[in-house]
Structure formats: C-alpha cells, structure tokens
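Coordinate analysis (summary)
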Amino acid sequence: MIPHNLTEFIKLLRQHKQLVEIDVEVDAHLEIAQIHRNVIAARGPALLFRNVRGKKFPVLTNMFGNELRVELAFGRDTVASIGRLVEFMVAMPMPWRDMWQYRDLVPRFLRIGRKNKPALSNFITSNDAQIIPATTSWHTDGGAFLTLPLVHTRYAGKDNLGIYRMQIYQADELGMHFQIGKGGGYHLHLAEQQNCDLPTNVYLGGAPALILSAIAPLPENVSEFLLCSFLLGRKLATSPNPINSIEVPNEVEFCLSGVVPAGVRRPEGEFGDHYGYNSLTHDFPVFRPQTIYHRRDAIMPATVVGKPKQEDFYLGDYLQKLLLPIISVVMPNVRDLWSYGECGYHSLATCVLAERYEREALSTAFRILGEGQLALTKFLFCIDKTIDLRDFPAVLTHVLARFNPRQDLYIFAQTAMDTLDYTGESLNRGSKGVMLGVGEVLRTLPRELPALADSCVSAARVYCPGCLVLQSKGKGTEAIKAVLALQAVQKFPLLVLVDDVEAVFKTAGAFIWTVFTRFNPASDMHAADFVTMAHKTSYTLPLLIDARMKPSYPPELACDPDTEAKVAKRWHEYFPQRSSHRVEMGDATSLTV
C-alpha cells in the first residue's frame, strides 16, 4: 500500500530513517531553502521544519529527494503495473482464455475514479493566505511562493490538475504562473473567451500520488485524477465544495478555493527556477481565494528548485519511466524516449525509434514535437538503435557518426518556447532543432585533442568522440568565424563554444546544462557553410553551437552569502551531534548536476 496522505508518508519516511525533524526556529524567508539545498547537495534526508518563525504550521521539504523516497511514495511495482495496464488495453479485445493473465487488474479497474465522501466539516476555514508558511528560496525572488500547489481548474465539465508556482501578494490575492502548453492555461484561455472567471481550487499536500499526477505530462484529455486513483489503488474520496462547486480531495492539508478572474494580470517574479537561472518579472494571471480550508494540524509541503540536481529531478526521471508505456501506445514506433533533467527536461530529448520506411524518423520527430508537453522540446535527437539514453555522451557519439548534415539537421525558427527558457527572442518564443542519427555509420570520429597552440582558442577538451568543446580568446561572431576557420578542428563534426571549458567538465551533467540552457537553435547553430536547396538548408561540417552566455539571458542562480553564513553557523542547532541521525552539510554551490 502506498501512502494516502502526508501523515502516512511522514510515518513511512520515519520508519525508513529518511526523515529528520528540525525543532529549532527557522525562517521561511531564505533560511529553509538554504538548509534544504545544503542537505540535498549531500544527498540527505527529507526535512520537517516544526518551528517556522511567525507561522503555526510545519513545513516539509525534500520528501522526494532520492530514489528510495520516490519508491516509498509511489510503490515498488507501480511502473510495471502501468506497463501491464497499457499492455492489457492495447490487446483488447482478446479471447477470454487470454484475459486470465490480466485477472489481477480487474479489482484495480473497479477501484479507479472518485467517490463522494463529505469531510469539509473536519477542516478549519480562514480568509487569509498569509497564514500559510510560504517560502522564499532565493534572495532575488520577488517574494514568498507556494512551490508545490496543486492547481485544480474546471471548464465545461473537464478537470485539469497541474503545478504552477504561486507568489503570495497579499491575504486575498496570489500569482498564478500559468505557462503555455499546460492545461490550466488552456482552461483560462477558454474562460476568458467567454469573459468568465475560472473556478479554481489550490491544494497543498494530500497523497504523494496526487502530487505526482499533477506533475505528469498526460495527454490533454486524460484525467490526472484517474492516474492518481490508479496509483492509490482505490477511489479518490472528495467532498462537495459550496464555494465554486469543485470537489475537494479529503486528504489534502490545505485547500484555497476561489477563482482566477478573467482579464486580470499582475507582475509576477522574479523566481529562481529549475533551469538554474532567474526567471524574470512578467505579467501573469492572479488567483483570488474566497475561502481557505485547512486541517487543524496541517503540514505545508514545499520544494526548492534551482540548478540540477534538485528534488524535482528524481520525480521527473520517475515519471518518464512511468509514462513510457503510454507514449509507446500513442506513437507505436517509439521504442524509448528520454528528456534530460540536467537541463530542465524541455531543452533536450532523445528518442529511439523503429524506422519502418525511409525518412520515417522525421515523421516521428514531428509527431513528438506535436504531442502535449513534448511540444515544448527545444532540441530532439532521433536514433534507431537501442542504447542507454541517459548516457548522453554515448547518444551524441551515435548521432555524430551517422547524421548527414545535408539532410539530417532541421532548424525551425519562430516557434513557441517553454516559458522558463530565455534563449529565444522573447517570452514564449524561440526555435527548435531536430537531428537524425539513423542508419549506418558515415564517418570515423576523432577522439584526440587537436593541436591548437598559437590559435584563437584559449582552452579545449574533447567531450565525446566527434565533439570538441572550446573557449575562444575572441568575442561575438568574430570568435565563431575564427574557430570554424581553424584547420585543426575540421575533422570534428560538432564544435561547442563556451565561456569556461573547465566548468563544462566539472560534473557528469554540466555539459548538458551549459549547452542546452544557453542555446537557441535558430540563432546559435552555425556551420562552416550552408546552402538552401528546394527550401531545405544543407550544412557543411563542422557544425558549431554557440553556448556562451548572451547579454539578454538572466543570470545564473547563486546563494545569498549572508544566508549561507547563517546556515553554516547554525548547522549543529538544526542537527545536534547527539541526534541519532547526523546530517552532512553539502556544498549547495556544486549542484550543477
């Protein structure tokens, strides 16, 4: 059985020695987040802050911050169960004699859904959102935010559950960071076309399965509540809600019930996001709670995002494994698909496909780029051999050995872009790239560092066979031209120009983070030469990715020095040495995967 609420999950974490409780007073402004970052940098436990300054509710963080805690939250066999469910659904109809092997799924089917079980009388009501111990994670943030709000919208009888950060402005108004390509934003768009406010509930806590379902990039018309019910193995109990007629799951800790008013926008941010940069201030919708329900002993779940690996990395990787069987049904020739948490997931993905006819790989790429949240993918590699997609050097080596620059690289300008990606020309606008690496090997890839003394290059290292990372003495476009003209690098099909070569090799994932969070395909992909024939651009090797910081990019996230010093000084207050569970203070500045 997986936990049905936060209280059960906390008990489970205690049993497995995966939770440390902090009894001394801490501040929700910066201090909690800095403790969390230091703990996760050392791969430490979940944290329950019992004494938050000026607030009466505890705060729980890092509850999903390793593979064991994810398994405790969602069950050891859940991924296999989803696979069998999809297998069963694809095989239908089938002979009765073959259905026997799926007999264990029948009870689960009967328990999927929601059931009415009034319980709001057990909750206390309030009208002040500032009773919630919302955290401020970075000193550049525009204020305190709810970082794990489960936002439940309903339009024309259809529900959506998603997670969108929410800045607390005042007691009766919060920001609502609806992003493009997400269901809540679609609902608001439809409501505003009718000049109607959007009924909305915001939940904090509940079953871990409810949190996971809110994050899951499900097909648009698939209910997150059905996934939650399947994961729980029982119907989700809900209570009627007199405020806006959206039922409230009984196991949540808090429910803010109200509306997102039509046509209202307010500056939101800044906010340090999971790409590892500050997302800047922009106008976003607002949420106006009309009533706040909470348990008498409510616990506020929170997370901290920033440079990977953070807590969201473990959830993102787990979700990919969980949902792959569904993707394979939607796109039958896709054998595997992996998006890279090292660069925020939407920046880079690779798929393994079965190319059943010539150039089907390109059709599959279009299909992926048109599917739900996968449509936000910025750069996609397609291969036709089964390899471990999490081993990105192996993936890139495979592609570079096979792709034909005259026909296998596609750049699409003027596309939609993930709201949090600032490499494009404006908010929500940028470009995409697709590179196909299918078929037979076309070239032998160089593996050794070429002689670059007395050149325009100040530093260089080979990332993988065929890919050379360089640092230039020059600036701007002149540096690009000079590097591409070097005779010593001509055998490398891919060059990557960065600000600091050594930083790219600091950790296993630093290359992915540096390159794909600082790279707009339409403006930052260069080549020795190119021609346009039959409306298709054909390139001459080498290619060069300009992954240097640009003046328009927001800065990298950095910890506040005063808060760092405060937390270091108080570390043994948070985690006394006499405690049975010692907690190491990790280096939060080293978190670039």
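Report follows, based on the coordinates. Note that this is a predicted model, so its numbers are computed, not measured. Numbering of residues begins from 1 in every chain and follows the order in which that chain's sequence is written. Reporting in this predicted model follows two pLDDT cut-offs: at least 70 for local features of residues, and 80 or more for side-chain atom pairs to be given and counted; totals over whole chains, interfaces and linings ignore these cut-offs and use all residues. As a rule here, side-chain values cover all heavy atoms of the structure and leave hydrogens and water aside.

**Quick look at the overall build of the chain**
Per the convention used, a helix needs a DSSP run of H or I reaching at least four residues, while a strand needs a run of E reaching at least two, with both numbered from the N terminus. Along the chain, the regular secondary structure elements total 17 helices and 30 strands. For 593 residues, the compact-globule estimate of 2.2 N^0.38 gives 25 Å, and the chain sits close to it at 25 Å. For the chain, the C-alpha atoms occupy an extent of roughly 75 × 70 × 55 Å along the three principal directions. Counting all 593 residues of the chain, 59% fall into the buried class. Any two residues whose heavy atoms approach within 4.5 Å at even a single point are treated as in contact. The contacts of the chain with a sequence gap of at least 6 include a subset with a gap of at least 24, amounting to 73%. Here the accessible surface of atoms and residues is derived via Shrake-Rupley with a 1.4 Å probe, and residues count as covered only by protein chains that are part of the display. When the accessible surface of the chain is totalled, it reaches about 24500 Å², and 52% of it is carbon and sulfur. Side chains of the chain carry 61 positive and 62 negative charges; the gap between the two charge centres is 4 Å. Within these notes, the globule rule equals 2.2 Å times the number of residues to the 0.38 power, and the radius of gyration is based on C-alpha atoms. Working definition: with a 1.4 Å probe on protein chains only, accessible area under 20% of the residue-type maximum means buried, over 50% means exposed, and in between means partly exposed. Charge counting follows a simple rule: Lys and Arg are positive, Asp and Glu are negative, and His as well as the terminal groups are ignored. Where a charge lies is defined by one atom per residue type: Lys uses NZ, Arg uses CZ, Asp uses CG and Glu uses CD.

**Focus: unusual backbone geometry**
Glycine aside, negative phi is the norm for most residues, and most peptide bonds take the trans geometry. For the peptide bond that leads from G269 to E270, omega is 5°, which places it in the cis range. For E270, the location among the structural elements is in the loop between strand 15 (266-268) and strand 16 (271-272). The linkage connecting P308 with the following residue, K309, adopts the cis geometry, with an omega of -5°. Position of K309 relative to the elements: it lies in the loop between strand 20 (300-301) and helix 10 (311-330). Even without glycine at this site, L30 takes up a positive phi of about 75°. Positive phi is not limited to glycine here, since R43 has a value of about 55°.

**Examining the pairing of strand 26 (residues 457-464)**
Pairing between strands requires that DSSP locate at least two bridges from one strand to the other. The sheet contact formed by strand 26 and strand 27 (residues 467-472) spans 6 bridges and is antiparallel. Among the inter-strand pairings, R461 is bridged to a residue of strand 27, identified as V469. Two successive antiparallel strands, strand 26 and strand 27, enclose a turn made up of 2 residues, where G466 displays a positive phi of approximately 95°.

**As for the packing of helix 8 (residues 208-215) against helix 9 (residues 224-232)**
As a packed pair, helix 8 and helix 9 sit with axes 8 Å apart at the nearest point and diverge in direction by 145°. For the pair helix 8 and helix 9, the sense of crossing is right-handed. Only E224, F225, L227, C228, L231 and L232 of helix 9 make contact with helix 8, whose side of the interface consists of A209, L210, L212 and S213. Three residue categories are used. Nonpolar comprises Ala, Val, Leu, Ile, Met, Phe, Trp, Tyr, Cys and Pro, charged comprises Asp, Glu, Lys and Arg, and polar comprises the others, including Gly. Considering only residue class, the contact of helix 8 with helix 9 consists of 8 nonpolar, 1 polar and 1 charged. Here the axes come from fitting lines to C-alpha atoms, over the contacting stretch only for helices, and the angles between their N-to-C directions go from 0 to 180 degrees. Should the near helix be turned anticlockwise from the far one by less than a right angle, the crossing is termed left-handed; should it be turned clockwise, right-handed.

**Points about the sheet that holds strand 20**
Read across the sheet, 4 strands follow the order 1-2-3-20 without closing on themselves; strand pairing throughout is mixed. Each of the sheet's edge strands pairs with one partner strand only, and the pair in question is strand 1 (19-22) and strand 20. The sheet contact formed by strand 1 and strand 2 (residues 46-49) spans 4 bridges and is parallel. Across the sheet, residue L19 finds its bridge partner in strand 2, namely A46. Seen against the sheet, helix 2 (residues 31-41) touches strand 1, strand 2 and strand 3 (59-61) and runs at an angle of roughly 160° to strand 2.

**A look at the side chain of R165**
Topologically, R165 is positioned in the loop between strand 8 (158-163) and strand 9 (166-170). In this structure the side chain of R165 is engaged in a polar contact, spanning 2.7 Å, whose partner is the side chain of E268. Think of a polar contact as two N or O atoms within 3.5 Å of one another; within protein, one of them needs to be a possible hydrogen donor and the other a possible acceptor, and neighboring residues in sequence only count if both atoms come from side chains. For R165, the side chain forms a polar contact with the side chain of S279, separated by 3.1 Å. Those residues within four positions of R165 in sequence are excluded, and the remaining contacts are F145, L146, P149, G175, M176, H177, E268, F271, S279 and L420.

**Description of the nonpolar core**
Across soluble globular proteins, nonpolar side chains show a tendency to be buried alongside one another. Each nonpolar core is a collection of buried residues, namely Ala, Val, Leu, Ile, Met, Phe, Trp, Tyr and Cys, held together in the definition by side-chain atoms within 4.5 Å. By size, the foremost hydrophobic cluster in this structure holds 51 residues, and its most contacted members are L60, M63, F64, F74, Y203, L210 and L212. Those elements that place two or more of their residues in this core are helix 1 (6-15), strand 2, helix 3 (67-74), helix 4 (78-91), helix 8, helix 9 and helix 10. Beyond its immediate sequence surroundings of up to four residues, Y203 is in contact with L148, P149, L150, H152, L161, I246, E247, V248, P249, V252, F254 and C255. Counting 41 residues, the second largest nonpolar core, distinct from the first, contains F49, F57, V151 and L204.

**A word on the environment of D104**
Mapped onto the secondary structure, D104 falls in the loop between helix 5 (96-99) and helix 6 (105-110). A residue is classified by how much of its surface remains accessible, and D104, at 43% relative accessible area, is partly exposed. Along the sequence, D104 and S81 sit 23 residues apart, while their C-alpha atoms lie 10.0 Å from each other.

**Concerning helix 7 (residues 183-193)**
If you check which residues of helix 7 are buried, you get G183, G184, H187, L188 and A191. Taken around the axis of helix 7, the buried residues stretch over an arc of 140°, which confines them to a single face. Backbone geometry just downstream of helix 7 places N195 in the positive-phi region, at approximately 55°. Directions drawn from the helix axis to the C-beta atoms are what define this arc.

**Side note on the state of the cysteines**
Counting rule for disulfides: a pair of cysteine sulfur atoms within 2.5 Å. Under the definition given, this model contains 0 disulfides. C351 takes part in no disulfide bond, and the closest cysteine sulfur to it belongs to C382, at a distance of 3.6 Å. Judged by relative accessible area, which is 0%, C351 ranks as buried.

**Thoughts on the pattern of salt bridges**
We count a salt bridge whenever a side-chain nitrogen from Lys or Arg sits within 4 Å of a carboxyl oxygen from Asp or Glu. Applying the stated criterion to the full structure yields 32 salt bridges. As a salt-bridge pair, E173 and R266 come within 2.7 Å of each other at their nearest N and O atoms. Here the residue E173 occupies a position in strand 10 (residues 173-175), and R266 occupies one in strand 15, the gap between them amounting to 93 residues. In this structure R266 comes out as partly exposed when scored by relative accessible area, which is 25%. Of the residues examined, E173 reaches a relative accessible area of 9% and is grouped as buried. Linked through salt bridges whose partners overlap, the residues forming this network are E31, K566, R570 and E573.

**Structural notes on empty space enclosed by the protein**
Within this scheme a cavity is a closed region of a 1 Å grid, computed over the protein atoms alone, that accommodates a 1.4 Å probe without allowing it to escape, whereas a pocket is open but has protein on both sides within 12 Å along at least five of seven lines; lining residues each have an atom within 4 Å of a point. Grid points are joined across faces, edges and corners, and a volume is the space filled by probe spheres set on the points. The tally for this structure, following the rule as stated, stands at 4 cavities of 30 Å³ or more. Quantified by volume, the largest cavity comes out at close to 90 Å³. Forming the walls of the largest cavity are 13 residues, and the residues nearest its centre are Y277, L420, Y422, T517 and P554. Here the lining of the largest cavity is composed, by residue class, of 7 nonpolar, 3 polar and 3 charged.

**Structural notes on the sheet that holds strand 22 (residues 345-353)**
Spatial strand order, 21-22-23-25-24: 5 strands in an open sheet with mixed pairing. Only two strands of the sheet have a single neighbouring strand rather than two, namely strand 21 (334-340) and strand 24 (409-416). Put simply, the sheet's adjacent strands are angled 15° from each other on average, direction ignored. Packing of helix 11 (residues 360-368) onto the sheet brings it into contact with strand 21, strand 22, strand 23 (379-383), strand 24 and strand 25 (429-437), and relative to strand 23 it is tilted by some 140°.

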